[in-house]
Amino acid sequence: MRNDIRISLVQSPIAWEDKAANWEAYEKRLASLKGTTDIALLPEMFTTGFSMEAEKLAETNDGETLRRVKAWASDFGMAIAGSFIATEGGKYFNRGFLAEPSGRITFYDKRHLFRMAGEGQVYTPGKEPCIVSYLEWNICLQICYDLRFPVWSRNRGKTYDLLIYMANW
C-alpha cells in the first residue's frame, strides 16, 4: 500500500434541484484541483441537494451526471466520489460512486435511510457493503446516515484501509 493518498473535500453550496447549475459549479471546483489530489469527495446528492423528488430527478448509471463525472475523473486525473439519485428496476436509490480516471466506476447504495426526512418512503436501501481498491488502498464507501450504524461499517478482518462517508451536511 502507498504511504499516502491525497484527498480533497469539495463541500460547497448546492443549487436546489438544479443539475445544470451544480454540474457547472462542481466542474470548476474539480478543475482547480487537477494535479493536487488523488480523490475528490463530493457531497451526498451533489447534483440536486437532499431531495425526495426522485421521480423527477433520478438518472440511470449511464445518465448525464455519471457521464460528466467519468469525464471529469479522466480529464482531471483523479478519482471522484459522491452520490446521486439513481433509478434502476423501477426503484430509486441514493447511490454512491467512486469514479476512477481509468473509467471504472464502483457503486454503493445507501443502506441506512434517514426516516426523519422520509428518505425510506422514497428510496430503496442498499443491501451490500462496498469496498473498492484504488491506488493500493482498500476504500469502504458509505453515505451520510450510515455513520449512525457503526456495526454496518465495522472493519471485520481489516478489509479496508479507508472509510469514506459522503454527506450533505
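Read on for an overview of the structure. For clarity, every value in this text was computed on a predicted model and none was experimentally measured.

1. Focus: the pattern of salt bridges
Two side chains bearing opposite charge may form a pair once their charged atoms approach each other closely. A complete count under the given rule lists eleven salt bridges for this structure. Between Arg6 and Asp38 there is a salt bridge, and its shortest N-O distance comes to 3.2 Å. With Arg6 in the segment before β1 (7–9) and Asp38 in the loop between α1 (19–31) and β2 (39–41), this residue pair connects regions lying 32 residues apart in the sequence. A salt bridge links Arg95 to Asp109; the nearest nitrogen and oxygen atoms lie 2.6 Å apart. You can see Arg95 sitting in strand β4 (residues 91–99) and its partner Asp109 sitting in strand β5 (residues 105–109), a full 14 residues away along the chain. Via salt bridges that share partners, Glu44, Lys110 and Glu119 belong to a single interconnected network.

2. Some points on the sheet that holds β2
Judged by pairing direction, the sheet is mixed, and its five strands sit side by side in the order β1-β2-β3-β4-β5 without closing on themselves. Edge strands, defined here as strands with exactly one partner in the open sheet, are β1 and β5. Here the strands of the sheet are splayed against their neighbours by 30 degrees on average, with no regard to which way each runs. Pairing geometry for β4 and β5, over five bridges, is antiparallel. Considered in β5, the bridge of Arg95 is made with Asp109.

3. Here we look at helix α3 (residues 64–76)
Taking 1.5 Å of rise per residue, the 13 residues of α3 would be expected to cover 18 Å, and the 18 Å separating its terminal C-alpha atoms lies within 8% of that figure. Positioned one or two residues after α3, Gly77 has a phi angle of 65 degrees, which is positive.

4. Some thoughts on the sheet that holds strand β8 (residues 162–166)
Ordered by their spatial adjacency, three strands build an open sheet running β6-β7-β8, and the pairing between neighbours is mixed. Strands at the two margins of the open sheet, each flanked by one partner only, are β6 (131–134) and β8. Between one strand axis and the next, the sheet turns by 35 degrees as a mean value, whatever way the strands run. Sheet analysis places β6 next to strand β7 (residues 137–143), joined by four bridges and oriented antiparallel. Looking across to β7, one finds that Ile131 is bridged to Cys140.

5. Quick word on the pairing of β8
By the alternation rule, side chains of β8 split into Leu162, Ile164 and Met166, which are all buried, and Leu163 and Tyr165, of which none is buried. With five bridges joining them, β7 and β8 adopt parallel strand pairing. The residue bridging Gln142 from the neighbouring strand is Tyr165, located in β8.

The rules behind each value
Numbering of residues starts from 1 in every chain and runs along the sequence as written. Residues qualify for local features only when their pLDDT is at least 70, as the model is predicted, and side-chain atom pairs are given and counted only at 80 or more; totals for whole chains, interfaces and linings, by contrast, use all residues. Only hydrogens and water are removed before side-chain values are computed, so all heavy atoms of the structure are retained for them. When a carboxyl oxygen of Asp or Glu lies within 4 Å of a side-chain nitrogen of Lys or Arg, that pair is called a salt bridge. Helical segments are the DSSP runs of H or I of at least four residues, strand segments are the runs of E of at least two, and each set is numbered from the N terminus. A pair of strands is considered paired only if DSSP assigns at least 2 bridges between the two. Axis geometry follows a simple rule: fit a line to the C-alpha atoms, using only the stretch in contact for helices, then measure angles between N-to-C directions, giving values from 0 to 180 degrees. The span expected for a helix works out to 1.5 Å for each residue beyond the first. Three exposure classes are used, based on accessible area relative to the maximum for each residue type with a 1.4 Å probe and protein chains only: buried under 20%, partly exposed in between, and exposed over 50%.

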